[in-house]
Amino acid sequence: MSTAKCEIIKDLLPLYVDEVCSKASRQFIEEHLAECDSCRRALANIEVALPLPPSMLEANRLEGAALQSLSAFWSRAKLRAFLKGAVIAASFCAVLLLGYVGLFQWNTQPVPSDVIQISDVSRLSDGRIVYHVKITDGYDLNRTKFETDESGRFYVTPVRPILKKKPITEVGLFNMYYTFGEAENNAYQANHGNGKAIEALYFGSEKDPVLVWKKGMELPPASAEVEAHFAQDNY
């Protein structure tokens, strides 16, 4: 078998495979292939390297699209799972924070009257009533708030969180002198009208108060020590 003839056949093989050569050329090629192992191997190599048929290409395209769709679904699922986890974690932290604030920071619990000790009720030279308050249960006092009613009662209500704390100093709202005078009267009149006047002062909640002073009660003058304590007060 001549080398020149094999070269010609190998040049024609792509046309033969693509079925675009003439009938005479196809017959010529096939007669040669029947006798030449080298050209048959060349034909086999070309057929192996050929692109996939359209049906297989479509199948691969569909498979690729399915894989892309699955990948997108998986990504969305992971994103949803992440967001869900983030929301749950944030909610859990919010519950912990609210629980902490509610237990340790929110001043919602009135101090009961049986641990409120009122003493040294007297009157300063400027007319203000002064009195000493001590909370005797050994816990700190975080805040006092003011409540009034139409009958002239004025309440200084001590409140603190559910979980009480020990005081870090010896003096504070739990152990100090309080004053009562024009500012409280002005606040009362602002709420109930200019013709209204405070008839009684209580320390504690409306439901559980301790009387400090009521109209008509005679009060002794404040001691020199107490007067000195409030001497720099720009009341």
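Note: the structure precedes this text.
About the thresholds
- Residues numbered from 1 in each chain as written.
- Predicted model: local features only at pLDDT ≥ 70, side-chain atom pairs only at ≥ 80, totals over all residues.
- Heavy atoms only, no water.
- Salt bridge = Lys/Arg side-chain N within 4 Å of Asp/Glu carboxyl O.
- Helix = DSSP H or I, 4+ residues; strand = E, 2+ residues; numbered from the N terminus.
- Buried < 20%, exposed > 50% of the residue type's maximum accessible area, 1.4 Å probe, protein only.
- Arc of directions from axis to C-beta.
- Pairing = 2+ DSSP bridges.

What's the story with the pattern of salt bridges in this structure? I'm lost.
Should their charged atoms come close, side chains of opposite charge can pair. With the rule as written, the count across this model stands at seven salt bridges. The salt bridge partner of D37 is R40, with a shortest N-O separation of 1.8 Å. With D37 and R40 both in helix α3 (residues 37-49) and three residues apart, the pair spans about one turn of that helix. When its relative accessible area of 43% is taken as the criterion, D37 is described as partly exposed. Residues D149 and R153 are paired through a salt bridge, measuring 2.8 Å at the closest nitrogen-oxygen approach. Using a relative accessible area of 14% as the deciding quantity, one classes D149 as buried.

I'm lost on helix α2 (residues 23-33) in this one. Help?
I29, H32 and L33 are the residues of α2 that are buried. One side of α2 holds all its buried residues, which, seen down the axis, span an arc of 100°. Across α2 from its buried face, at more than 90 degrees, point the exposed residues K23 and A24.

Which parts of the structure should I look at to understand unusual backbone geometry?
What is expected of a backbone is that most residues other than glycine have negative phi and most peptide bonds are trans. Positive phi, normally seen in glycine, also occurs at D120, with a value near 55°. When you line up the elements, D120 lands in strand β2 (residues 116-123). Residue D120 is classed as partly exposed on the basis of its relative accessible area, which comes to 35%.

So what exactly am I meant to see when it comes to the pairing of β2 here?
On any regular strand, side chains alternate: one points to one face of the sheet, the next to the other face. The pairing of β2 with strand β3 (residues 129-135) spans six bridges and is classified as antiparallel. Residue pairing for β3: I116 is matched across the bridge by I135.

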